[in-house]
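Residue-level structure breakdown
Next come the chains, spelled out residue by residue.
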Protein chains: 2
Amino acid sequence: MDLKDILKNVDNYLDTEIELNGWIRNHRPQKEFGFIAFNDGTTQNGIQIVYDNNLVNFEEVSHYLVGCSLNVKGLLVKSQGKEDYEIKAQKITLLGACPEDYPIQPKRHTREFLREQAYLRPRTNLFTAVFRVRSVAAYAIHKFFNENNFVYVHTPIITSSDCEGAGEMFQVTTLDLERVNGKPDYSKDFFGKLASLTVSGQLQVEPFAMNYKKVYTFGPTFRAENSNTKTHASEFWMIEPEMAFTDLNGDMEIMEKMLKYVISYVLENCTSEMQFLDSFVEKGLISKLNKLVNSEFTRITHEECIKILKESNEKFEFTPEYGEDIAKEHEKYITEYFDGPVFIYNWPKDIKAFYMKQNDDGKTVAAVDLEVPGAGELMGGSQREENYEKLVSRMKEMNMETEGLEWYLNLRKYGGCVHSGFGMGFERLLIYITGVDNIRDVIPYPRTPKNCEF
Amino acid sequence: MDLKDILKNVDNYLDTEIELNGWIRNHRPQKEFGFIAFNDGTTQNGIQIVYDNNLVNFEEVSHYLVGCSLNVKGLLVKSQGKEDYEIKAQKITLLGACPEDYPIQPKRHTREFLREQAYLRPRTNLFTAVFRVRSVAAYAIHKFFNENNFVYVHTPIITSSDCEGAGEMFQVTTLDLERVNGKPDYSKDFFGKLASLTVSGQLQVEPFAMNYKKVYTFGPTFRAENSNTKTHASEFWMIEPEMAFTDLNGDMEIMEKMLKYVISYVLENCTSEMQFLDSFVEKGLISKLNKLVNSEFTRITHEECIKILKESNEKFEFTPEYGEDIAKEHEKYITEYFDGPVFIYNWPKDIKAFYMKQNDDGKTVAAVDLEVPGAGELMGGSQREENYEKLVSRMKEMNMETEGLEWYLNLRKYGGCVHSGFGMGFERLLIYITGVDNIRDVIPYPRTPKNCEF
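Below: a short report on this structure. Since the structure is predicted, the reported quantities are computational estimates derived from the model, not experimental observations.

A word on the overall build of chain A. Helix and strand counts for chain A stand at 14 helices and 16 strands. For chain A, the C-alpha atoms occupy an extent of roughly 85 × 60 × 45 Å along the three principal directions. Looking at the 454 residues of chain A, the share that counts as buried comes to 61%. Pairs at least 24 apart in sequence give 68% of the contacts found in chain A among residues at least 6 apart. A total accessible area of about 18,700 Å² is found for chain A, and carbon and sulfur atoms account for 45% of it. Computing the positive centroid from 52 side-chain charges and the negative centroid from 69, chain A places the two 1 Å apart.

Turning our eyes to something else, we now look at the pattern of salt bridges. Per the stated rule, a full pass over the model turns up 58 salt bridges over all chains. The salt bridge partner of B:K214 is A:D2, with a shortest N-O separation of 2.5 Å. Of this pair, B:K214 sits in strand β10 (residues 214-222) while A:D2 sits in the segment before α1 (3-8), placing the two residues on different chains. Across the pair, exposure class does not vary: B:K214 and A:D2 are buried alike.

Residue and element names in this part refer to chain A. Among the 10 residues in strand β4 (residues 69-78), 7 count as buried, and that is most of the element. Relative to β4, strand β1 (residues 17-29) is paired through 7 bridges, and the arrangement is antiparallel. Each bridged residue has a counterpart across the sheet, and for E17 the counterpart in β4 is L75. Pairing geometry for β4 and strand β5 (residues 85-96), over 10 bridges, is antiparallel. Bridge pairing in β5 links S69 to G96.

A complete count under the given rule lists 66 aromatic pairs over all chains for this structure. Pairing A:Y139 with B:Y139 gives two aromatic rings, centres 6.2 Å apart and planes at 10 degrees, and the pair type is stacked. Residue A:Y139 is located in helix α5 (residues 125-147), and its partner B:Y139 is located in helix α5 (residues 125-147); the two belong to separate chains. Judged by centre distance (5.6 Å) and plane angle (50 degrees), the ring pair of A:Y445 and A:F454 falls under tilted.

The next point concerns the sheet that holds strand β3 (residues 47-52) of chain B. Strands sit in the order β1-β2-β3-β5-β4 (chain B) around a closed barrel of 5 strands; the barrel is mixed. This sheet shows a mean twist of 55 degrees between the axes of neighbouring strands, independent of strand direction.

Between chain B and chain A, the contact holds 115 residues from the first and 115 residues from the second. Both faces combined, the contact of chain B with chain A buries some 9,300 Å², and carbon together with sulfur accounts for 59% of it. Of all residues in chain B, the largest losses of buried area upon contact with chain A belong to B:H154, B:F190 and B:Y414, amounting jointly to 9% of the total for that side. One can count 10 salt bridges joining chain B with chain A.

This part covers the sheet that holds strand β3 (residues 47-52) of chain A. Residues and elements named next belong to chain A. Strand order in the closed barrel made by the 5 strands is β1-β2-β3-β5-β4, with mixed pairing throughout. Neighbour-to-neighbour, the strand axes of the sheet open up by a mean angle of 55 degrees, direction not taken into account. The pairing of strand β2 (residues 33-39) with β3 spans 6 bridges and is antiparallel. What sits directly across from G34, in β3, is Y51.

A separate point is the environment of A:S420. Residues and elements named next belong to chain A. Mapping S420 onto the fold places it in strand β16 (residues 419-425). When the C-alpha atoms of S420 and Y139 are compared, they prove to be 24 Å apart, with 281 residues separating the residues in sequence. Filtering out sequence-adjacent residues up to four positions away, S420 remains in contact with P241, E242, M243, T246, D247, L248, D251, S382, Q383 and R384. Engagement of the side chain of S420 in a polar contact is seen with the backbone oxygen of T246, the distance being 2.7 Å. Of the polar contacts made by the side chain of S420, one reaches the backbone oxygen of D247; its length is 3.4 Å.

Okay, helix α8 (residues 271-280) of chain B next. By the burial criterion, the buried members of α8(B) are B:E273, B:M274, B:F276, B:L277 and B:D278. Taken together, the buried residues of α8(B) touch α5, α7 (248-269), α9 (285-293) and α14 (426-434) of chain B.

This part is about the packing of helix α7 (residues 248-269) of chain A against helix α9 (residues 285-294) of chain A. All names here are of chain A. Contact geometry for α7 and α9: axes closest at 9 Å, N-to-C directions at 140 degrees. The crossing of α7 and α9 is left-handed. For the pair formed by α7 and α9, the contact residues are L259, K260, I263, S264 and L267 on the first element and I286, L289, N290, L292 and V293 on the second.

Below, the discussion takes up a negative patch on the surface. Taken together, the side chains of A:E303, A:E304, A:D360 and A:D361 make up a negatively charged region of the molecular surface. Its place among the elements puts A:E304 in helix α10 (residues 302-311).

Let us now look at α5(A). Residue and element names in this part refer to chain A. With 23 residues, α5 ought to run about 33 Å at 1.5 Å a step, and its terminal C-alpha atoms sit 32 Å apart, in line with that. Judged by how many residues are buried, α5 sits mostly within the fold: 19 of 23 residues are covered. Looking at the residues trailing α5, positive phi occurs at N149, about 65 degrees.

Another point: the nonpolar core. Among the nonpolar cores identified, the biggest contains 268 residues, and A:I92, A:M274, A:F426, B:I92, B:M274 and B:F426 are the most heavily contacted of them. When near neighbours in sequence (up to four residues on either side) are disregarded, B:M274 contacts B:V133, B:V266, B:L267, B:L285, B:I286, B:L289 and B:I433.

A word on the relation of the copies chain B and chain A. Mapping one chain copy onto the other needs a rotation about an axis and a shift along that axis. Mapping chain B onto chain A leaves a residual RMSD of 0.0 Å; the transformation is a rotation of 180 degrees accompanied by 0.0 Å of translation along its axis. Taken together, these values place the two copies in the relation of a two-fold axis. Every residue of chain B has its C-alpha some distance from the rotation axis, and the shortest such distance is that of B:V172, at 2.4 Å. A high fraction, 100%, of the interface residues of chain B reappear at the interface in chain A, so the copies pair face to face through one surface.

Residue and element names in this part refer to chain B. With respect to burial, β3 is a largely interior element, 5 of its 6 residues being buried. Relative to strand β5 (residues 85-96), β3 is paired through 3 bridges, and the arrangement is parallel. Counted as the bridge partner of I49 is I87 from β5.

Moving on, we come to unusual backbone geometry. One can expect most non-glycine residues to show negative phi and most peptide bonds to be in trans. Phi angles above zero are rare outside glycine, and A:K450 is one such case at about 65 degrees. Mapping A:K450 onto the fold places it in the segment after α14 (426-434). Here B:K213, not a glycine, exhibits a phi torsion of approximately 75 degrees, which is positive. Relative to the assigned elements, B:K213 resides in the loop between α6 (202-212) and β10. The exposure class of B:K213 is buried, given its relative accessible area of 7%.

We now examine the side chain of B:H154. Tracing the backbone shows B:H154 in the loop between β6 (151-152) and β7 (158-159). Residue class for B:H154 comes out buried when judged on its relative accessible area of 4%. A polar contact of 2.8 Å, which involves the side chain of B:H154, links it to the side chain of A:R134. When sequence neighbours within four positions are dropped, the list of residues in contact with B:H154 reads A:R134, A:F218, A:W237, A:F426 and A:P444.

Definitions and limits used
- Residues numbered from 1 in each chain as written.
- Chains lettered and ligands numbered in written order.
- Predicted model: local features only at pLDDT ≥ 70, side-chain atom pairs only at ≥ 80, totals over all residues.
- Heavy atoms only, no water.
- Helix = DSSP H or I, 4+ residues; strand = E, 2+ residues; numbered from the N terminus.
- Buried < 20%, exposed > 50% of the residue type's maximum accessible area, 1.4 Å probe, protein only.
- Contact = heavy atoms within 4.5 Å.
- Areas by Shrake-Rupley, 256 points an atom, 1.4 Å probe, with all protein chains shown as cover.
- Lys, Arg positive; Asp, Glu negative; His and termini not counted.
- Charge placed at Lys NZ, Arg CZ, Asp CG, Glu CD.
- Salt bridge = Lys/Arg side-chain N within 4 Å of Asp/Glu carboxyl O.
- Pairing = 2+ DSSP bridges.
- Phe/Tyr/Trp six-rings, centres within 6.5 Å; stacked < 30°, edge-to-face > 60°.
- Axes fitted to C-alpha atoms, helices over the stretch in contact; angles between N-to-C directions.
- Buried area = accessible area lost by both parts, 1.4 Å probe.
- Polar contact = N/O pair within 3.5 Å; in protein donor to acceptor, adjacent residues only side chain to side chain.
- Left-handed = near helix turned anticlockwise from the far one by under 90°.
- Patch = residues over 30% accessible without salt bridge, like charges linked within 9 Å, V, L, I, M, F, W, Y side chains within 5 Å.
- Expected span 1.5 Å × (residues − 1).
- Core = buried A, V, L, I, M, F, W, Y, C linked by side-chain atoms within 4.5 Å.
- Least-squares fit on C-alpha atoms with pLDDT ≥ 70 in both.

Structure, rendered in structure tokens:
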């Protein structure tokens, strides 16, 4: 029996005997009775267990420490205190003891300390909330795409192509490194060639959009960048949808619709978790998210964006320039200026990837970034260049080899069409939804430079 | 507008003008009219488009080749032929041409040929079906666990521990291999130590079960085994649930419930796909699956299984022996003997992993394999050893180091409890559901020894 199911239909269980297995989160034993904050992990808040000296093992129970696992039988009753319901224990059985030096005591721990105890931190209120939100958000993403006729495609993790040069790559090998002398002979490696961990599934998912019309990937991606920031991890999950017969406007529509759907779903299905995060992590979190769900996203071109930035009287550290990228401070300004999420589209082609649709102005590409108040860039997408000659000539301009990407180029020859897609880092979304500001705290076991524990 | 949505509420659209984008799967132009087998990819069968010389571009349309992408406007009408519905075209616009040497012509291709065209093969009827079933089955798995209060945990892909020695591992590195001289200095590698691709998320997901009670992973796993068989891939997806307060019987219950749920969901939501696969890949596929869904799974011990095998009059290539593993031919015999799925549990401890619950007989562990008619072993699971001392002494017996696994062992100290879990290779399930017999044909871009294309 799950506590969650009992509380969902609490009237059915009121004043009846229930049985639960779970853990002691906190314990206040008194002389003739005691209170246990108890949770089986299916809810955020658990339930209070009240016991008294009618228990045959009252003395023993009063010594059970935080962290113990218990089997509890008792009556579900309305509580007189602040909790709505509690269990009046009839029988409490110890399943697994827990020593006094158990690290997760009911007090505030620093997140740095808890990172070192990554395998135990789900047992804190904070991480119980964060990782359930992660699970529910992942489900919401699958649900959204399923309801909108998208096909889920598992693009490969090990790859021999490097997408857009999106970032430094990890090498994957079975060569005996001790025996490599000078230039490695990759013909003897497992795949007979140099292989790496993927940085994006986009190129591999596009062919599936050319059959199913609407597809998405949702899987791990990797960056071997030696950067130790709050927002970089070496291993993270990405959502990459791709839609045939869809231009940049259609792309923005789906981006907006998906984001609102996922956030609404989390708000509806993680009520207690979000309340906890709102109270203890980011004040105003829920109203921030509700505001986003109810807002209409602004759409401006990169040129309009630069104009607004230039005409502002802000003293920026970096001067905004036409034809150049924008800085974090600019992102912040522009979302505050519009008091809501802003799509910035038609970016200077020289700062964007080769596969993006070249606009008629010869200067920009049909790329879009979504800037969100308090989060900065949350997603990026583009219409793809569907013209074979333009795509190849852009690759040549950028000194890219077409060798090895013939298959990708062929999509433009074999019934090609206008198509678009975008990418969203799942952890970036979770940072925004949970209010937790460090990517290490939204990943079960984070991988960063010099850190690969558990 | 998706064809799928139109056909779902076909009465709403009958005799009205609809507009679709999609591709020509086949084309039979006649003198004064023509038929196009057309699909936008949201359905298995697509829809027939009928056009005649009232089209202003009739002449041009009649020359459109297989593979072209089109925009079609026309009336949805009841068809007089064998199709139920068709579109009487009012306007047909070419979106993307396709040359005569397009490889995916409407004829039978060998699966070997199509593997080489992995990026185009979703456009065939076979792979349209297979990869939609893959997507729908993945969704069903998430849906099942979500409905049963499981939390989805993304266990790490890059790892420094090797689970159970479950298989050979790929190394992940950023060292410059050309400059490695002799023994590599892993303190200079990206993670400061030897890192590999995971073979299983089980050890890392167990700690989450010790908070959330019920959890699962669903992600890619890797084996660097140099085996070229129909059932081995170097990269494949695994589902690994883990349940606290659950013994081996509870484990088997969930295994059975999950399998029946996923198969039922696919049968209900991929009707046309399954009909196609039943007709062209495995005759009787649907009734095989329906039979499984409606069967009760037998449960026998390994000892009982060996007894049955020994008492049979079969001439096995390998003699069945107590205390030993069973061979494929034995799996086959035993599922035929019971005419249905069979759980074989309580395996000899010496052929199983260190973390499995040691039974009181001193000889067996609480492990279970599910054997399914026509598929062999589809899942494997076990109750985990929750006793710290027994677990450590088993590791010593097996010459395993406890160093680096202290965190895993600690779970037995900190409120440990009876818990169980299992693993299912997603592709193995797909082979069973689709009837396709080669793992290379149920993975979008398969990775196998010497093969890492696209």
